[in-house]
Amino acid sequence: MPIMEVESITGDESVPLEISPSERFVELPMDTSDKESSKASMESEQISSTPTSEPFKIVEVIDETENSMDTTEDTLAAENENDGTADEKEKKVDDGFMSKSRGFSRQVEKDLNSEQLQKETERVESVTIPGIAKTSAQFSKDWRNLKTSETRLQYLSQLGRDSYPTVFKSQMESKLFSEILTVLSQESTSPQLIADHLMGLSKLPRISALVMFLTPGEQRTVTSLLDRAHTCLSAEESSHVKSILM
């Protein structure tokens with residue numbers, strides 16, 4: 001494509017119509033190789049500047065809570081199993097001592113209980129049984145000093161059928177009467193001893209007033225004593241005791 005040079009018009013100067021070939025500009029073809037190399041260089045720089053991606057790594061996350069729960073359950077199961085084994089072992093121990101404790105604590109309680117029982121037995125054995133009282137006041141004093149049913153039964157064994165009217169010339173206290181019935185109701189009391197005391201009590205003055213105020217439980221005790229002593233009482237004596245004490 002021819003290029004025309006335009007000169008400024010000043011005065012009478014005229015614009016040339018044609019430009020000689022020697023004065024024309026030569027249009028050079030565009031060199032695209034430099035652009036392509038430049039573009040390739042830029043792309044290479046961009047690729048090199050981009051951080052190289054590393055391969056993905058799979059990380060396994062361990063649930064510590066779940067493992068902890070499993071461990072706790074295993075521990076509880078082991079403890080329950082141990083407790084069950086201990087209970088079975090304790091059940092196998094049948095020494096007559098009842099206690100909610102186990103192991104060493106149970107043995108300590110058993111030893112303390114044995115010592116207490118031994119001291120109580122020694123104390124009972126060391127008690128001196130007083131002789132037959134001559135008055136109701138002396139009888140009541142001796143009775144209060146004897147704290148156990150065994151010692152009181154030994155004390156009563158000294159009395160005969162005719163001792164009650166002699167000692168108790170007036171009315172016996174209702175509390176003392178009830179306590180004597182309770183002591184006589186022990187399994188260790190012989191039928192003969194029961195028969196002698198029932199006959200002696202039936203001879204007390206104003207005995208009917210004491211019988212009147214017996215509780216239902218005490219009345220059943222009298223009936224039981226009569227049943228145990230009937231082999232040692234004649235028919236007349238048995239009828240007499242029933243008419244007075246029942």
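Before any of the text, the structure's been laid out above.
Residues numbered from 1 in each chain as written. Predicted model: local features only at pLDDT ≥ 70, side-chain atom pairs only at ≥ 80, totals over all residues. Heavy atoms only, no water.

1. Observations regarding a positive patch on the surface
Positive charge collects at one region of the surface, where Lys-141, Arg-144, Lys-147 and Lys-175 lie side by side. Secondary-structure assignment places Arg-144 in helix H4 (residues 136–145). You can call Arg-144 exposed: its relative accessible area is 51%. (Patch = residues over 30% accessible without salt bridge, like charges linked within 9 Å, V, L, I, M, F, W, Y side chains within 5 Å. Areas by Shrake-Rupley, 256 points an atom, 1.4 Å probe, with all protein chains shown as cover. Salt bridge = Lys/Arg side-chain N within 4 Å of Asp/Glu carboxyl O. Lys, Arg positive; Asp, Glu negative; His and termini not counted. Charge placed at Lys NZ, Arg CZ, Asp CG, Glu CD. Helix = DSSP H or I, 4+ residues; strand = E, 2+ residues; numbered from the N terminus. Buried < 20%, exposed > 50% of the residue type's maximum accessible area, 1.4 Å probe, protein only.)

2. What to know about the packing of aromatic side chains
In total, this model carries four aromatic pairs according to the counting rule given. With centroids separated by 5.9 Å and ring planes inclined at 15 degrees, the aromatic side chains of Phe-139 and Trp-143 adopt a geometry described as stacked. With Phe-139 and Trp-143 both in helix H4 and four residues apart, the pair spans about one turn of that helix. Of the two residues, Phe-139 and Trp-143, neither departs from the other in class, the shared state being buried. (Phe/Tyr/Trp six-rings, centres within 6.5 Å; stacked < 30°, edge-to-face > 60°.)

3. Notes on the pattern of salt bridges
The full count for this structure, using the stated rule, is four salt bridges. Among the ionic pairs, Glu-237 bridges to Arg-161, the shortest N-O distance being 2.9 Å. Of the two residues, Glu-237 is situated in helix H11 (residues 235–245) and Arg-161 in the loop between helix H5 (149–156) and helix H6 (163–167); the sequence distance between them amounts to 76 residues. Note that Lys-203 and Asp-162 form a salt bridge whose closest N and O atoms lie 3.3 Å from each other. Of the two residues, Lys-203 is situated in the loop between helix H8 (191–202) and helix H9 (207–212) and Asp-162 in the loop between H5 and H6; the sequence distance between them amounts to 41 residues. On the accessibility criterion, Lys-203 (38% relative accessible area) is partly exposed. A relative accessible area of 55% means that Asp-162 is categorised as exposed.

4. Re the nonpolar core
With 36 residues, the main nonpolar core has Phe-139, Leu-156, Tyr-164, Met-172, Phe-177 and Ile-180 as its most contacted residues. Of all the secondary-structure elements, those providing two or more residues to this core are H4, H5, H6, helix H7 (174–184), H8, H9, helix H10 (216–229) and H11. Beyond its immediate stretch of four places on either side in the chain, Ile-180 contacts Phe-139, Trp-143, Leu-156, Tyr-164, Met-172 and Leu-201. (Core = buried A, V, L, I, M, F, W, Y, C linked by side-chain atoms within 4.5 Å. Contact = heavy atoms within 4.5 Å.)

5. Points about H8
Look at H8: 16 Å from first C-alpha to last across twelve residues, which is about the 16 Å you get at 1.5 Å a residue. Counting buried positions along H8 yields ten of twelve residues, so the element is predominantly enclosed. For H8, the full list of buried residues reads Leu-193, Ile-194, Ala-195, Asp-196, His-197, Leu-198, Met-199, Gly-200, Leu-201 and Ser-202. Check the buried side of H8 and you find it contacts H5, H6, H7, H9, H10 and H11. (Expected span 1.5 Å × (residues − 1).)

6. Observations regarding a nonpolar patch on the surface
A cluster of nonpolar side chains, namely Phe-104, Val-108 and Leu-112, defines an oily patch on the protein surface of about 330 Å² accessible area. Mapped onto the elements of the fold, Leu-112 is located in helix H3 (residues 103–126).

7. Some words on the packing of H7 against H10
Two numbers describe how H7 lies on H10: the axes approach to 10 Å, and their chain directions differ by 45 degrees. Judged by the angle between their axes, H7 and H10 are oblique. Relative to H10, the crossing made by H7 is left-handed. Touching Ser-178, Leu-181 and Leu-184 of H7 are Glu-218, Thr-221, Val-222, Leu-225 and Arg-228, all from H10. Of the residues belonging to the contact of H7 with H10, the class tally is four nonpolar, two polar and two charged. (Axes fitted to C-alpha atoms, helices over the stretch in contact; angles between N-to-C directions. Parallel < 35°, antiparallel > 145°, perpendicular 65-115°, else oblique. Left-handed = near helix turned anticlockwise from the far one by under 90°. Nonpolar A, V, L, I, M, F, W, Y, C, P; charged D, E, K, R; others polar.)

Worth remembering: the numbers are spatial, not functional.
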